[in-house]
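Residue-level listing of the chains:
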Amino acid sequence: MNGFPLLSVMAFLPLVGALLIFFLPKASQGFPKMVALISALGSLVLSIVMVIQFDPNAPFDANNAVPFQEKIEWANGIGISYFLGVDGIAVPLIVLTTAISVIAIIWSWDTVKMRQREYFIALLLLETGMLGVFVSLDLFIFYIFWEIMLIPMALLIGIWGSTNRVYAAMKFFIYTLLGSLLMLIGIVATYQTYFQETGERTLNVLRLQEGNYSPTFQFWVFAAFFIAFAVKVPLFPFHTWLPDAHVEAPTAASVILAAVMLKMGGYGLLRFNLPMFEEGTRQWAPIIIGLSVIAILYGAFVALVQPDMKKLVAYSSVSHMAFVTLGIFLLSLQGLEGAMMVMLAHGFNTGALFLLIGVVYERAHTRQISAFGGLASRIPAWAAYFTLFMFASIGLPGLSGFVGEFLVAIATWHYNPWLALFTFAVVIFAAWYMMWMFQRVVFGRARGEIPDPHDNALTPEEVEMLAAAGDDGHGGHGSHAMPLPVSGGSHDAHDAHGDDPLDSSKWHDLSKKEAITLFPLAVATIVFGIYPAPIMRIVEPAFQRLLALYN
């Protein structure tokens, strides 16, 4: 082990925090969230130190001879070792993970009222699992961390989620578990085949990459790994768990799920499928490219008809994340760099959109698009953030969403111009479904607002109501004015005091906590949209080494 074990401390610090919360149940009421925040901040600081000291040109070394690798022989007889390490592929995703974890904890500070100890324990265990996935270079250790993630996320959905939370949690658990079992079969098959060829028992990823596997073996084992990662992406047709999980999950869990956990599918393909199974990659690439194109279009079309804001953004994730698999399997530098930028930008933008939806849900207790209107005049700071991340999500130049999709577009054009034209026509539909939601929620008629008689968008029923109310066309009404229809939601929605929670005129704008969680994501999406070079410098050497296997 070279020097200070930064990777181990960074990965296990949240676990230490979870153990402190668990073993000190009689501490003060604010103790769990304070410990959770300090633990997550510690991991964030260490990840920033890692970025500062990281050398992108330093390749992995199977003998642990380079910085930012840690190796302890564990069970030599069966080839298991505690082997951690990072390269340019893992580093940006690790920083994204630690940053999003801090944001999720801050968001949850005063929104979680029930079983706070268990909630923050679950968040910290989830962070350790996610970080462990990104730093593991031994398949046994990787699989343990991969499974660790499953339980706390299922609990977050099943205990702190919405009405159908148990169904969504079980669906998430079953889908992910089935994918994991297929990956376990692939791990055992690779382990045994490598041993038969070399006489060496090892689960060291860097050693297994050197194996000489037959084309038939690679075809089937590639598929086992691929399905596990495709479920996590999620790629069509393995995506159906995602909308339910997002809609039912609490806001912080939705943010982590969108910003980090979906990226683990893309990371797994880059870390295992491409370097270990070159022939399998070549055999499956055309099929996966086809599935990616279908998912891009399917996600956009289904998002167009969603009445729930969270479900609309969830289906948009299916479309966006398909750009990741498309970029990866084009097997070009531009495609790989584009895939990484899409993953990071999706983390910033979609994570922020879920936070913004959570803001209005806390006030209105609904996510139905029809329940809102005119929020630009009622909560202008919220509307400004929503505008920024909406434009970033549809790929406006100058924001982070544009960079990755543009690079994938160029790579797709080089692969097949017709495929590129067909695929990126989806940009029109992305603008359609996001602007459709944006227009209604931000600039639609606010609840309680009198319809304008000169508005050509008035329905015949509204015109009749205005006439019956004695409107003179200039805002005046007769003495026997009738209640006028207003936009948004159920008129029967009232709180315990008889107030209408959908009346946005009584809402306060972003709180200090909400602004703190949104601000760093806004900075990231602007900075990396204008100047993505720092990320490119980190990832490019790793991608060049990966592509060297295919040249």
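Residues numbered from 1 in each chain as written. Predicted model: local features only at pLDDT ≥ 70, side-chain atom pairs only at ≥ 80, totals over all residues. Heavy atoms only, no water.

Enquirer: Break down the overall build of the chain for me, with residues and values.
Expert: Of regular secondary structure, the chain possesses 22 helices and two strands. Relative to its 551 residues, the chain shows a buried fraction of 58%. When contacts within the chain are restricted to residue pairs at least 6 apart in sequence, long-range pairs at least 24 apart make up 78% of them. (Helix = DSSP H or I, 4+ residues; strand = E, 2+ residues; numbered from the N terminus. Buried < 20%, exposed > 50% of the residue type's maximum accessible area, 1.4 Å probe, protein only. Contact = heavy atoms within 4.5 Å.)

Enquirer: Residue-level account of helix α21 (residues 512-530), with values.
Expert: For α21, spanning 19 residues, the distance from its first C-alpha to its last is 27 Å, which sits close to the expected 27 Å at 1.5 Å a residue. At L518, α21 shows its maximal kink, close to 25°; a proline, P520, follows between one and four residues later. Buried residues of α21: K513, E514, T517, L518, L521, A522, A524, T525 and G529, and no others. Packing partners of the buried residues in α21 comprise α3 (90-107), α14 (333-364), α16 (380-393) and α17 (400-415). (Expected span 1.5 Å × (residues − 1). Bend = angle between axes of the 7 residues up to and from the residue.)

Enquirer: Report on the side chain of S43, specifying residues and quantitative values.
Expert: Turning to its location among the elements, S43 is positioned in helix α2 (residues 31-53). At 2.8 Å, the side chain of S43 and the backbone oxygen of M10 are in polar contact. Not counting chain neighbours up to four residues away, the residues in contact with S43 comprise M10, L13, P14, T98, E127 and L131. (Polar contact = N/O pair within 3.5 Å; in protein donor to acceptor, adjacent residues only side chain to side chain.)

Enquirer: Mind laying out helix α22 (residues 533-547), listing which residues take part and the relevant values?
Expert: In an α-helix, one full turn covers 3.6 residues, which means residues spaced three or four apart are oriented alike. In this model α22 runs 20 Å from its N-terminal to its C-terminal C-alpha over 15 residues, within 8% of the 21 Å that 1.5 Å per residue would give. The largest bend in α22 amounts to roughly 35° and is located at V539, with the proline P541 lying one to four residues further along. Within the span of α22, buried status applies to I535, M536, I538, V539, P541, A542, F543, L546 and L547. Looking at the buried side of α22, the elements it contacts are α2, α3, α11 (263-276), α14, α17 and α21.

Without other data, these values stay purely geometric and don't point to any function.
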